[in-house]
Structures are given as structure tokens and as C-alpha cells.
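Chain by chain, the residues run as shown.
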Amino acid sequence: MTNEQTIRTTCPYCGVGCGVLVRTGDGIEVAPDPEHPANLGRLCSKGSALAETVGVQGRLFQPLIDGQPAGWDEALDRVATKLRETIERHGPDSVAFYVSGQLLTEDYYAANKLMKGWIGSANIDTNSRLCMSSAVAAYKRAFGTDTVPCSYEDLERAKLVVLAGSNAAWCHPVLYQRLVKARREHPDLRVVLIDPRRTASADIADLHLPIRPGTDGWLWNGLLVQLAERGEGNPLYLQFVEGSEEALAAARESSPNIDTVARICGLEPERVAEFYDLWCRTERVVSVFSQGMNQSTSGTDKDNALINCHLYTGRIGRPGMGPFSFTGQPNAMGGREVGGLANQLAAHLELDNPEHRRLVQDFWQSPRIAERPGLKAAEMFQAVREGRIKALWIMATNPAVSLPDADTVRQALAECEFLVVSDCTHPTDTTRLADVVFAAQTWGEKDGMVTNSERRISRQRAFMAAPGEARPDWWIIAQVAQRMGFEQGFDWQSEADVFREHARLSAFRPEVERDFDLGALAEISDVQYRDWTPKQWPLPAERPEGTPRLFGDGQFWSDSGKARMLPITPRGPARATSEEYPLVLNTGRVRDHWHTMTRTGKSPRLSGHVVEPYAELHPDDARAAGIEEGMLVRVTGARGHIIVRARLSDNQQPGSVFVPMHWNDQFSHGSYVNRLFPVATDPVSGQPEFKHNPVRVEPWQAGWYGFLLSRREVDLSHATYWAKSRGKGIWRYEIAGSEPVKDWARCAREVLCTESCGVNWIEFYDAGRRTYRAARLEEGRLESCIFIGPSHELPPRDWLIAIFEQDEIDEATRRSLLTGKPGAGQEDAGRIVCSCFGVGLNTIRKAILEQGLTTPEAIGERLRAGTNCGSCVPELRSIIEQTLAEQSEA
Ligand code: SF4
């Protein structure tokens, strides 16, 4: 691959699917693609920092067998032999694949074909089960097919956008930015946020409904009742819809009037009335729904209650309207197209339809075809635990962190007879348990297609050589298949070969009608595949330009050809709070991290915003439990406990606590929050609950608190609590222990100093205050420093981090290191708020107070914060509010 080139590709993080321009040369530079229709020249903080994540640190260069490096032939043979033997001995259902929305469509297609067509089981499921399978099931029930009807452009053409269980500002930031711009340009556009938390997305909301967790079904049913009472049913469109009477009857049963809804949902009746009024009188309304709705034991019903309102009013399939599921992962949609879920067949065909099964088997010319749905994610790991699944192949995902009841999952994986993991990174909490690890290529190294939340198919393109012997996932799967004796179906020579086959299958036997049709791409040439520009499916042969919207014409894919409104009887959460567990635990993302941090954890820019796992509580709950800001707390649920930092915020409603989902054993000590969740799933979609788990939160009595900054990674396994994050050229560790240490100097030297030549120690121990500080200097530069004390109130870290950039430490700085206070000329910028320009909290607060800045725009002008990706703008606004409020109180 030549240097000095610009490659068009797509971001590997969320389902927005932004276009990225990557310039290679001396280094790698990432810029937004102004021509990609998803982002039109924008990227969020994660996309902007992609260049920091492509290094080889933590990469897996070759396969591993039993933890030892191995050749490809040996590893592939081992896996093929073991899968074949297991199937021969125990049958096809004794093996399973657990795949991922991170895979490219070609990888997904290959895995699904091997499992359903050649092994003959449907035991393949994907981590997308955890984020949007309720949306899939709801669309399928309503439209007869799993199809998102909208386009991103509809957000800009709407007059009302409802964000239901969606913190788009952090989870789909570029769509949020498009909404911000639309609102600026069209002042009559209204935004409503429905979320128990006051998230960053509330920044642009005209109305925030802080709904009681788990009560969305009542709210949407109440809207349907109001629509009927105000005569907003669309008789023309209702010709294409069945079930409206039953749906209305169920809605009237649960949500007869505004007062009832308000009482059940914990909302003020006036606010509910305001929402209903807005929705009822606005024709162009987009209702966005996401994980806050989906990740629930009644997620499918909640989603259908929302879709019912759009079907009833005919507000679907036309510009500026529709029920719009935002998907979490970059290729969750691609997985849906190839049948990556255990209850789907390829190309939107159905497993339980004999004609569909015959079609796929005939196309594949496969020896067999799965005849019944396989195990969904949670069931699959239960089967591993019970020994029913004896060989499991996990691809591009980290279920030891991301599944509910994560400790039981770990135990199941450890005991699984044969565990294979394909990953680009090692170790992860999952690869550590594998018998064989395949070294997979990752973003920037491999080629293929992805589909975003608006059905837009885009290319990911390689722009750098893969390190070591890493290989693309589709190739690994094809090699295993061939070595299992399935040469004929897996002899592709390139990604383009796989994609052509996928497109041909979608158009095979057109008399079997389905909406997923890539007929226009059935003969796509290698050059066309290379140069592909993003388009939205369906892409039938007669409409190669693609399809922005569906269902405006009233054509659906159910047996009757009509849409279906579902009668929804709302159900509360599976587990109620109790005296023992009085708070509701809700989980989700932070702004700058992605999934289990295997990529974003490499970026200093992204790691500075939130440096450790935390529990956010309402101040009233904290006060009642004796918890202060910055303390370490123990969060305990029925399945275990974690220790995390306490954050107090009235953005959290009383009775609730929020803990982010990202941290794992590589970045903290046992703080993966999903270990607290028992398995509880939606009965229709199989999606696990991640938004409602009863817990209690109490102070964790630490014997000491500390932090450590070091140019080298250090082993802190003896600390009861540790969390690490990457800074520019350094590692930052927050640490704490339960037992006081007798000899701090000795302990610090054991951790920090393995050899002493050329090392200059400076240290100070205050026996009265029980504080210890030490710094280790090498050739005049700060190499590491450690601060310990009896309380969580320790010196600020950020000015210390800046000292690591000095080539030589002067005397004043040495003194500062020991006093723990910045000296003259050393400013503490505070925790990073704007990761694009590295602007810290203290710098922003100082500018607000000293320069009288009162808007994010003014801060942007002075400090640049918020002027690149805009992801921090909501936080800037809340810092302004808080700083000015504190000033007026002082
Ligand atoms: Fe990537 Fe951000 Fe775009 Fe999502 S919104 S695809 S994370 S740049």
C-alpha cells in the first residue's frame, strides 16, 4: 500500500455510520467526509480521535492456541477438527457462534452461511441482540418485515422530534448535531426527550419528561387514546392497517386518561398533556427510539406502542415522519440483512417458512438448512453453562463484559469444552478464556460493507497493512469451513465475491416477495465494489439509486399485506425495588467511550473525559446513604457488587442510579457493571434488561485513597480498587485499598521502581496527616509520581500530568510535587471537557467567571471548546449554568 493517499471509509463505532476521510503519509489523519450523506462533514469526539486508536499496542499478531503463538494452519485445523468432531458426536446444535455488529456484512454473511446452511443449526446470535433486537421484533410485528422506514433527513424535515430512551447527544452524536442545526435553522422544530435521566440530550429539548423507569408503554398507549379522542386517526391510511380497534381497546384499558398516565409514569399531568398536544397537532413527527426502550423485559411491546401511534395517524413513509430506531453498532443493520440473529434466515427470509428455507438452501446448494430458530444470546450462554453447547466460537465481541450476569458467563466460558475467539485485541476479558484465538483484522485493515441506521450501505476500506498475520474474518470462517469439508460453498477469493453472493441471494426467486432486495448489485464488478458510494436499500434492479423511505404507499410484507397495530398491555419491570435494594440501576454509555473500551481506551483524548467507572446518584439519595461526591461506593445487586466512584447530580431522579457499561478487567478491578444484572429478557425479542435492576449503594470504607501517574504501565494487583486511563505519554491510575499500609516508601518503590540506576526519588511522608507523596525522576524528567492519603480528597491531577511534558524539572516544580499544589505559573486545567482541543473544566470555569462568558458560543470563541465536533456543547451549557449559580450564591 502506497503512502500519501486519502481513503474514504466509515467510522467503526455507532450506527450513525459516518463517512471518514483517512489521510496516510507520515502519520494517519482522520477528517469527516463532507460527501457522505450520513454526516455531511461532521464527526463526533470518538470519530475525530480515530487516528489515536490504530496503533499496534494490544494487537494480536498471530493465532494463539492455549495462550501460545501458533501458525494459521495449526489453529484453523484445530478449530475445524474440533467443530467437526463435536457435531459428529453431539449433533449440530452442540456448537454455536456468537457474532457481532462490529463485523462487516461479508463476515456476517459467511458466518451465517456456515452455521445455518452447512452445520445445519441456527445457533448463531449476535451482540446486536443486546441493543436493538426489540426494535427488530417490533418492526416485524408491525410491518411484517424488519425494516426501518425513515431517513436521517427526516430529522431535519420534521416539526417534532421525540427522543424516547435515546441519549443521542452521546450515543448518536452526529445525528444529534444534525438536529441541533435543524433546530437553529427552523425555530418551529420542537424536540421532546423522554428519559428518566436528564441527559445531555435535554440541552435541546423543549420538553423533558423524566419518566419513571420502565413505564414507557403506559405513556405511548395514552398517546394513542388521545389521538383517537381528538380524531387524529387517518382513515385513508388505516385502510392499510389492521388491529387498530384492539390496540385502542388495550390502550384505553391501561391509559384511559392523562391523570392515570401521569400517576403511573411519575410525571406532572401538565407535562404529559403538553407532550400529547404537541404530538397530536404535528403532522411531521419523528419518534426516535433506542436502547432506553429496547433494553427491557417489555421492550418489544414498548416499541410497538410507539409504532402504533404512527400507523394510526399514517405518519410514516413520508418526509419528516416515522418511527425511527437508532441502532447502536456500525453494522447491526448488516447483521439483520444477512440473518445474523438466531431467529432469522438470510436476506430477510424466515426460518419458520419452508418455502423460504428451500429458497436459501437451493441458492446455497447447501447440504442442509437449519429448520428451527437457534438460541438467542442469553439462552446460548445458559446452554454453554449447562454443557449443551460444547463448542462456541465468539467473533469480534467481549461477552465476558457485555452480557448480563457476567460472572456466570465467565464461568461458563471457562468451563466450555472448546472456546474459540476471533479478535484483533488480546488480552480481553473474553480472549483470556479461549482455547484458540484467531488474529482478526480490524478497522483500517480490512474491506467490506456496513449498513447504518437509515439502511444506507457504505464501504469500509483498508488504508493500512494489517500487522503480523492478522486476517479478515470472512477468510477465517471460509478457511475453517473448507477444512471441515465444505469446500464448495466457501471458495470466495475476495470480499467482493462474498458481497455479490449476498446481493444475488436477496434477488433470487423474486416471486418469493421480500423487501430486502439488492438486485441492482447482483452483478457488481470488483471495480464498482471498490468505488461504491453509499446508498439506501432496497436496491432492486429497477431502482439502483436506492430507497429513502418505505410504507408511505401502504404496502407491507405481512401475510395480509397490511400493517398491524398491536394491542399492548404494558408490564412493569421484571424486578421491583425492595428495602434491601431500594435504587433502580440504569446503565448506558459515556460520551467518549465505546463498548468495552478495547479501541477508545487507547486514545488519550478520549480517556480524559471520564477516567474511571462511576455511579451517578441524586444528592438526596447520596445524603441519605452518607455518600459524598468523589467517594468510592459499593453498588450491590442480587448477583454481586462493584466498587466505583460516586458522582452526585440532580440530573438523576431520586431512587435511580446510573453506572456506565464500558469498564472491564483491563481498565479497572472488577467494575464491569453487568455482573450485577440477573438474566431477564423480553419474551418476544430475547433482548436482556439493562435499564432496571434493583441495587443498593453504600460508602465503601477505604483504608486509603491514592493516584499514580506513570510513563510505564504498572502492576497494581494488590490494590483493592484501581482504574487506569491513558494520558498523553502516561498512564493514570486511581487507586485505593482497604487495609492501611505500614511502610509507604517501601510499597511505592515496589510498585514503581524495579531498578534504581539513574533514578532519583523524592518523597515526603506526613505521619500526622497520613499522607505520602513521591516522585521518580529519570534524567531530570518526571517518570512517575504517587499521592496517597486517608481521604478521597487528593491533589488535582491535571497540572501534574502537564509536568510529564517537561524535559527537565526545575526546583520549583520539585517543591510542587512534594506539596501537591501547583506552583506559580502552573495552572490546573481540570478534567477534560472538550476532548478535541483538550480544554479542561477549570479553564472553562475561570473563563466564565473572569471574562463573563455566558454561552457555549462565547466559550468556543475564546477557548475553541465545542467548535469542532460539538459533542461537549451540552456539557458547556451546564458548566455555565452551574458556575453562574455558584457565583450568585457566593
Ligand atoms: Fe462515529 Fe461519532 Fe459518527 Fe457515530 S456519530 S459513526 S461514533 S463519528
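The following refers to the structure shown. (Residues numbered from 1 in each chain as written. Predicted model: local features only at pLDDT ≥ 70, side-chain atom pairs only at ≥ 80, totals over all residues. Heavy atoms only, no water.)

### Topic: the overall build of the protein chain
Argument step 1. Scanning the protein chain from N- to C-terminus turns up 30 helices and 34 strands.
Argument step 2. Expected size for 890 residues packed as a compact globule is a radius of gyration near 29 Å; at 27 Å, the protein chain falls within 12% of this value.
Argument step 3. Based on the C-alpha atoms only, the size of the protein chain along its principal axes is roughly 80 × 70 × 55 Å.
Argument step 4. Within the span of the protein chain, comprising 890 residues, buried residues form 64% of the whole.
Argument step 5. For the protein chain, restricting intrachain contacts to residue pairs at least 6 apart in sequence, the fraction spanning at least 24 positions comes to 71%.
Argument step 6. Surface exposure of the protein chain reaches about 31700 Å², of which carbon and sulfur atoms provide 46%.
Argument step 7. Computed over 100 positive and 118 negative side-chain charges, the separation of the two mean positions in the protein chain equals 1 Å. (Helix = DSSP H or I, 4+ residues; strand = E, 2+ residues; numbered from the N terminus. Rg over C-alpha atoms; globule rule 2.2 N^0.38 Å. Buried < 20%, exposed > 50% of the residue type's maximum accessible area, 1.4 Å probe, protein only. Contact = heavy atoms within 4.5 Å. Areas by Shrake-Rupley, 256 points an atom, 1.4 Å probe, with all protein chains shown as cover. Lys, Arg positive; Asp, Glu negative; His and termini not counted. Charge placed at Lys NZ, Arg CZ, Asp CG, Glu CD.)

### Things to note about the site of the ligand
Argument step 1. Taken together, C11, Y13, C14, V16, G17, C18, L43, C44, K46, G47, P173 and V174 are the residues near the ligand.
Argument step 2. For the shell around the ligand, the secondary structure elements donating two or more residues are α1 (45-48) and α7 (173-185).
Argument step 3. Here the residues of the shell around the ligand are counted per class, giving nine nonpolar, two polar and one charged. (Near = heavy atom within 4 Å. Nonpolar A, V, L, I, M, F, W, Y, C, P; charged D, E, K, R; others polar.)

### Describing the side chain of N308
Argument step 1. Tracing the sequence through the fold places N308 in helix α14 (residues 299-313).
Argument step 2. Here N308 is in contact with L224, A247, R564, M565, L566 and I568, once residues within four sequence places are set aside.

### Thoughts on the pattern of salt bridges
Argument step 1. The tally for this structure, following the rule as stated, stands at 61 salt bridges.
Argument step 2. The salt bridge involving E268 is made with R271; its shortest N-O contact spans 3.2 Å.
Argument step 3. Since its relative accessible area comes to 31%, R271 is described here as partly exposed.
Argument step 4. When the shortest N-O distance is used, the salt bridge between R675 and D407 registers 2.9 Å. Residue R675 is located in the loop between β25 (656-660) and β26 (693-699), and its partner D407 is located in helix α19 (residues 406-415); the two are separated by 268 residues in the primary sequence.
Argument step 5. What makes R675 buried here is its relative accessible area of 17%.
Argument step 6. Connected through shared salt-bridge partners, E612, R645, R732, E734 and R797 make up one network. (Salt bridge = Lys/Arg side-chain N within 4 Å of Asp/Glu carboxyl O.)

These results come straight from atomic positions and should not be treated as a statement about function.
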